[in-house]
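Here is what each chain is made of, one letter per residue.
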Amino acid sequence: MTSAQSSDDLLAANLARWEEQVDIHVGSDFYRVKEFLEGESSLDPIVLGEIGDVRGRRLLHLQCHFGLDTLSLARLGAEVTGLDFSPKAIAAAETLARDAGINARFICARVDEARAKAGTGYDVVFSSWGALMWLPDLAVWARNIAACLAPGGMFYLAEGHPITWTFEDESDRIEDNFRIVRSYFLEGPQQWENAHDYAEPDVKLAHFKSNEWQHTLAEVVSALAEAGLRIEFLHEHDRLPWPAVPGMVRVDEHYFMAPEGAPAMPLSYSVKARKA
Ligand SMILES: C[S@@+](CC[C@H](N)C(=O)[O-])C[C@H]1O[C@@H](n2cnc3c(N)ncnc32)[C@H](O)[C@@H]1O
């Protein structure tokens with residue numbers, strides 16, 4: 001990062017990319033909006049099996065994208081608020097809520113503004129899949145979560161495992177992938193130039209630059225603990241909703257796993273934590 005690139009500049013580049021991706025994602029097979037409107041839940045078995053009963057709970061979804069998971073949580077009975085920094089994502093979420101006939105509130109704000117813009121007193125704060133790498137400062141993230149939660153409130157996170165960042169992903173030989181070739185411990189933003197959209201591989205994005213932060217598992221758990229949350233569990237899983245490493249194989253409608261013969265590795269993790 002050059003000194004001219006403030007955290008605001010880095011997030012602005014990310015925002016431009018996310019703004020471009022919204023319409024692409026709403027129309028993609030990856031997000032299954034048609035199936036959602038027909039009544040299908042966008043939530044996967046890991047989340048559904050771990051989050052617990054959210055009926056009647058005030059729930060805040062951080063980085064809600066265009067609201068699919070937020071609205072699926074509303075269908076489980078939660079009173080939902082979704083927050084995302086992309087105006088296009090928030091507009092698409094509001095349209096989707098109207099089309100699905102679901103009552104929901106959406107707020108356009110950055111995660112570091114969550115307490116100020118979304119308020120406090122939530123029973124549940126929720127975040128999942130592909131969220132944390134966009135955040136420069138997990139201490140600020142965790143403090144906002146703690147401030148938004150009511151006493152006794154619960155935070156739930158399901159996320160890609162940081163170990164997946166370390167694997168070879170440029171080899172033509174699938175058997176070379178899942179070899180560790182990059183450092184697990186990396187300071188500062190990783191600046192990527194990649195026109196590939198994870199949901200629509202044939203699309204070439206005009207906004208091909210992104211800034212991402214490689215937060216370790218220890219950083220995530222420590223940030224939550226230091227913000228005053230008590231960790232109830234940290235689980236590691238052998239599957240992930242997207243093929244983070246070339247050669248991963250689809251095992252069902254929700255997940256990809258390492259191919260047969262690759263060493264068993266955690267590919268995702270989930271955390272539940274509670275405010276005292
Ligand atoms: C992969 S998506 C969210 C994951 C969600 N499970 C999904 O797939 O729909 C990441 C979201 O984070 C949002 N985002 C990125 N940086 C953000 C920030 N600093 N504050 C708020 N939202 C942010 C993006 O706009 C995007 O909608």
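Values in this document were obtained by computation on a predicted structure and should not be read as measured data.

Engineer: Summarise the overall build of the protein; cite the residues concerned and give the values.
Structural biologist: Along its length, the protein carries 8 helices and 11 strands. Compactness check: the protein gives a C-alpha radius of gyration of 18 Å against a globular reference of 19 Å for 276 residues, within 12% of the reference. Taken over the C-alpha atoms alone, the protein extends approximately 50 × 40 × 40 Å along its principal axes. Across the 276 residues of the protein, 38% fall into the buried class. Contacts spanning at least 24 positions in sequence make up 70% of the contacts within the protein whose residues lie at least 6 apart.

Engineer: Would you mind going over the packing of helix α7 (residues 138-148) against helix α8 (residues 217-226) in detail, with residue names and values included?
Structural biologist: Here α7 crosses α8 at 45°, and the two axes come no closer than 8 Å. Classed by the angle they form, the pair α7 and α8 counts as oblique. Seen along the crossing, α7 lies across α8 with a hand that is right-handed. Contacts from L138, A139, W141 and A142 in α7 reach E219, V220, A223, L224 and E226 in α8. Its residues placed into classes, the contact of α7 with α8 shows 7 nonpolar, no polar and 2 charged.

Engineer: Any chance you could break down the sheet that holds strand β11 (residues 268-275) for me, citing the residues and the numbers?
Structural biologist: Ordered in space as β3-β2-β1-β4-β5-β11-β8, the 7 strands form an open sheet in which the pairing is mixed. Every interior strand has two partners, whereas the edge strands, β3 (105-108) and β8 (229-237), have only one. The average undirected angle you get between the axes of adjacent strands in this sheet is 15°. Here 5 bridges tie strand β1 (residues 58-62) to strand β2 (residues 79-84), and the two strands are oriented parallel to one another. In the strand pairing of β2, L62 is matched with L83.

Engineer: Tell me what's going on with the nonpolar core, and back it up with residues and numbers.
Structural biologist: Of all hydrophobic cores here, the largest spans 61 residues; its most connected members are L59, A93, V124, V125, I145, F155 and L224. Of all the elements, helix α5 (residues 87-100) adds the most residues to this core, at 7 residues. Here A93 is in contact with C64, F66, G67, T70, G82 and F106, once residues within four sequence places are set aside. Within the second largest apolar cluster, 9 residues are counted, among which are F167, Y255, A258 and L267.

Engineer: Which residues make up the site of the ligand, and what values go with them?
Structural biologist: Among the 18 residues in the neighbourhood of the ligand, the closest are listed as Q63, H65, F85, G130 and W134. Examining the composition of the shell around the ligand, we find that 3 residues originate from one element, helix α1 (residues 7-26), more than from any other. Class assignment for the residues of the shell around the ligand results in 9 nonpolar, 6 polar and 3 charged.

Engineer: Kindly report on the packing of α1 against α5, identifying the contributing residues and their values.
Structural biologist: When two helices pack together, their arrangement is given by the angle between the helix axes and by the axis-to-axis distance. For the pair α1 and α5, the least separation of the axes is 8 Å and the interaxial angle reads 30°. As the angle between them shows, α1 and α5 are arranged roughly parallel. Residues W18, E19, V22 and V26 of α1 pack against K88, A89 and A92 of α5. When the residues that make up the contact of α1 with α5 are grouped by side-chain class, the tally is 5 nonpolar, no polar and 2 charged.

Engineer: So what's going on with unusual backbone geometry? Residues and values would help.
Structural biologist: In the Ramachandran plot, R32 falls in the positive-phi region, its phi being about 50° despite a non-glycine side chain. Assignment of secondary structure puts R32 in the loop between α1 and α2 (33-37). A positive phi angle is found at Q63, which is not glycine, with a value near 60°. Along the chain, the position of Q63 falls in the loop between β1 and α4 (68-75). Judged by local crowding, Q63 falls into the buried class, with 25 C-beta atoms found within 10 Å.

Engineer: How would you explain α8 if you had to name every residue and give the values?
Structural biologist: Of the positions making up α8, those classed as buried are V220, A223 and L224. Take α8 and look down its axis: the buried residues cluster within an arc of 95°, on one side only. Each element contacted by the buried residues of α8 is listed here: α7, β5 (149-160), β8 and β11. Once α8 finishes, G228 follows within two positions and takes phi at roughly 100°, a positive value.

Engineer: Describe α5, listing the residues and the values that go with them.
Structural biologist: The first and last C-alpha atoms of α5 sit 20 Å apart over 14 residues, in line with the 20 Å expected at 1.5 Å per residue. All of the buried residues along α5 are A89, I90, A92, A93, L96, A97 and A100. Looking down the long axis of α5, one finds its buried residues gathered within 160° of arc, a one-sided arrangement. α5 presents R98 and D99 as exposed residues on the side facing more than 90 degrees away from its buried surface. On the buried face of α5, the contacting elements are α1, α2, α4, β2 and β3.

Criteria and cut-off values
- Residues numbered from 1 in each chain as written.
- Predicted model: local features only at pLDDT ≥ 70, side-chain atom pairs only at ≥ 80, totals over all residues.
- Helix = DSSP H or I, 4+ residues; strand = E, 2+ residues; numbered from the N terminus.
- Rg over C-alpha atoms; globule rule 2.2 N^0.38 Å.
- Buried ≥ 20, exposed ≤ 12 C-beta atoms within 10 Å, placed from the backbone.
- Contact = placed C-beta atoms within 7 Å.
- Axes fitted to C-alpha atoms, helices over the stretch in contact; angles between N-to-C directions.
- Parallel < 35°, antiparallel > 145°, perpendicular 65-115°, else oblique.
- Left-handed = near helix turned anticlockwise from the far one by under 90°.
- Nonpolar A, V, L, I, M, F, W, Y, C, P; charged D, E, K, R; others polar.
- Pairing = 2+ DSSP bridges.
- Core = buried A, V, L, I, M, F, W, Y, C linked by C-beta atoms within 7 Å.
- Near = placed C-beta within 6 Å.
- Arc of directions from axis to C-beta.
- Expected span 1.5 Å × (residues − 1).

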